[in-house]
Amino acid sequence: MRKKMVGVLVAVLAGVGVGAGLGYGPLLRYKSEGVLSMEMGTAEYKRFAELATDANTVRQFAAVSLPPDVDSRRVDQLVSEVTKGAWLKPVPKVSKADAKELPDILLQLEQEREKTQDRERKSTVYLGLKLTKTAADPEETAKGATWLGNYFKDVATREAVREQVSRWALENRQFSDRAVERKLKYQFDIEQAQTRATALKKLVASYPDAARRESQQVVDVRKDNEKFMSPMAQLVGAESEIIDVREKIQRLDREMAQQAFAKAMVADAEAALNEARSGSDSVVRLSALIDRFSKLVKTEAEREKLSSLAADVSQISARFLSQAQFVAKPSVPTRPERPGPLMVMVLAGLLAGLLSAVFLWREQLKKMLLQNNES
């Protein structure tokens, strides 16, 4: 009996030793969390999250910037961890708990206010992201969470720039497809107005008394019962229409010149994006491209178009690179994640003691089971 008790005690001590090796070794984990401020809509978040958890996207950014605790030999492990997607979670503007606590009328008023302030932008559903990183070293855990935040910012920046350049190209193509049609229509409108004005001039010359009665209205009863103004008023209207259409043609010619200027820049922008190694690099390349084209500007119309394109790039840079910051920075954890090393040691010791007791008293246990079955 005494030998068996000693055997159980030895097993417990051995289990504690194994538990210590596991608890302070492979099972030791620290967790660091941070909250990154970045307002997004639902579609935006889904698109950014899909890209951020893509293996090729991770490798592209890892080629530019690696976490402090990762070397080139551990890139595959990093890619495996990031692609699982367990490290990011969106932070909604109104959580389920907030929705339950807030009265319906206040919640509705808040939503209406946000829609009024943000009519031209996509509705913002999320305030940002909660980022989580676990590792064996506390300091490396905090640095890893910070790296994940910078990684997501870069992914969002690159996708926003790509989407913006695609929008530029699409607008340019759509304008080119419709510009000639619009100009031909305007020219036809001028011809019609000129023909009408010529006819009205002859009519006014033929009836001078009608020209002196401008205030009187001439009613021509037709099937649709239309009413017309005096010939002189109609003549003024036709001349005014010619002036108005000519102004439209001038604006169209100005837009055509702007789009022709932008077309070359958009083509260079698409090539620059293909060469960019990261989101911040894509912003730098587009900014350099805008600076280069600013030296080629010849008219105020071209300068206005270039300023508009520059404002689009500046807005993306401000939103995803400058304004997107940690509102809760990842801190260095002081306690390991559960189960901690001491708990692992206790559990391993108890398990080893239990298994050794079952093994040492196996004969007695068999007899007890047989007796229970016979009774």
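Structure: see above.
Residues numbered from 1 in each chain as written. Predicted model: local features only at pLDDT ≥ 70, side-chain atom pairs only at ≥ 80, totals over all residues. Heavy atoms only, no water.

Asker: Explain the overall build of the chain to me, please; I cannot follow it from the model alone.
Answerer: Secondary structure summary: the chain contains 13 helices and four strands in total. Every one of the 375 residues in the chain was classed for burial, and the buried ones make up 33%. Considering only intrachain contacts with a sequence separation of at least 6, the fraction spanning at least 24 residues in the chain is 84%. (Helix = DSSP H or I, 4+ residues; strand = E, 2+ residues; numbered from the N terminus. Buried < 20%, exposed > 50% of the residue type's maximum accessible area, 1.4 Å probe, protein only. Contact = heavy atoms within 4.5 Å.)

Asker: Whenever I open this one, the packing of aromatic side chains confuses me. Can you help?
Answerer: Remark: the centre distance and the inter-plane angle together describe each pair of aromatic rings, the angle taken between the planes. According to the stated counting rule, one finds eight aromatic pairs in the structure shown. Seen in terms of ring centroids, W87 and Y151 are 6.1 Å apart; in terms of plane orientation they differ by 50 degrees. Their pairing is tilted. Of the two residues, W87 is situated in the loop between α4 (75–83) and β2 (88–92) and Y151 in helix α7 (residues 138–206); the sequence distance between them amounts to 64 residues. Between F261 and F293, the ring centres sit 5.9 Å apart and the planes meet at 85 degrees, which makes this aromatic pair edge-to-face. Placement of the pair is F261 in helix α9 (residues 231–275) and F293 in helix α10 (residues 279–294), with a sequence separation of 32 residues. Pair check on accessibility: F261 and F293 agree, each one buried. Counting every residue linked through ring pairs, the aromatic cluster contains F61, W87, W147 and Y151. (Phe/Tyr/Trp six-rings, centres within 6.5 Å; stacked < 30°, edge-to-face > 60°.)

Asker: Explain the pattern of salt bridges here, please?
Answerer: Between side chains of opposite charge, pairing is possible as soon as their charged atoms come close. Considering all chains together, one arrives at 21 salt bridges under this definition. A salt bridge links K248 to D244, with the shortest nitrogen-to-oxygen separation between them at 3.7 Å. Taken together, the residues span about one helical turn, with K248 and D244 both in helix α9 at a distance of four residues. Residues participating in the shared-partner salt-bridge network are R47, E159, R162, E163 and R167. (Salt bridge = Lys/Arg side-chain N within 4 Å of Asp/Glu carboxyl O.)

Asker: How should the nonpolar core be read in this particular structure?
Answerer: Across soluble globular proteins, you tend to see nonpolar side chains buried next to one another. In terms of nonpolar packing, the biggest core is built from 50 residues, with M38, V82, W87, Y151 and F152 touching the most fellow members. Other than its neighbours up to four places away in sequence, M38 contacts Y126, L127, G128, F152, K153, A156, F320 and A324. (Core = buried A, V, L, I, M, F, W, Y, C linked by side-chain atoms within 4.5 Å.)

Asker: Help me out: how do you make sense of the environment of F48 in this one?
Answerer: Within the fold, F48 resides in helix α2 (residues 42–52). Linking F48 and R158, residues 110 residues apart in sequence, is a C-alpha distance of 9.7 Å. Beyond its immediate sequence surroundings of up to four residues, F48 is in contact with M40, F152, V155, A156, E159 and F320.

Asker: What's the story with the packing of helix α3 (residues 55–62) against α4 in this structure? I'm lost.
Answerer: For any two helices packed against each other, the geometry is given by the interaxial angle and the distance between the axes. Look at α3 against α4: their axes get within 9 Å of each other, and the N-to-C directions meet at 130 degrees. For the element pair α3 / α4, the angle class is oblique. Classified by chirality, the crossing of α4 by α3 is right-handed. Facing A55, V58, R59 and A62 of α3, the residues of α4 in contact are V75, D76, L78, V79, V82 and T83. Grouping the amino acids of the contact of α3 with α4 by side-chain chemistry returns seven nonpolar, one polar and two charged. (Axes fitted to C-alpha atoms, helices over the stretch in contact; angles between N-to-C directions. Parallel < 35°, antiparallel > 145°, perpendicular 65-115°, else oblique. Left-handed = near helix turned anticlockwise from the far one by under 90°. Nonpolar A, V, L, I, M, F, W, Y, C, P; charged D, E, K, R; others polar.)

Asker: Explain the sheet that holds β2 to me, please; I cannot follow it from the model alone.
Answerer: Adjacent strands of a sheet form backbone hydrogen bonds with each other and so pair up, either parallel or antiparallel. The strand order across the open sheet formed by four strands is β2-β3-β1-β4, and the pairing between neighbours is antiparallel. Taken across any chain shown, the strands that pair with only one partner, and hence form the sheet edges, are β2 and β4 (326–328). Ignoring which end each strand starts from, the neighbouring axes of this sheet average 35 degrees apart. (Pairing = 2+ DSSP bridges.)

Asker: I keep staring at the packing of α3 against α7 and nothing clicks. Help me out?
Answerer: Where α3 meets α7, the closest approach of the two axes is 11 Å, and the angle between their N-to-C directions is 110 degrees. Viewed along their axes, α3 and α7 adopt a mutual orientation that is roughly perpendicular. Taking contact as the criterion, the partners of T57, V58, Q60 and F61 in α3 are, on α7, W147, N150, Y151, D154, V155 and R158. A class-by-class count of the residues in the contact of α3 with α7 yields five nonpolar, three polar and two charged.

Asker: I keep staring at the environment of T146 and nothing clicks. Help me out?
Answerer: Structurally, T146 can be placed in helix α7. Judged by relative accessible area, which is 28%, T146 ranks as partly exposed. For the pair T146 and K329, spaced 183 residues apart in sequence, the C-alpha to C-alpha distance is 7.6 Å. Aside from chain neighbours lying at most four places away, what touches T146 is F326 and P330.

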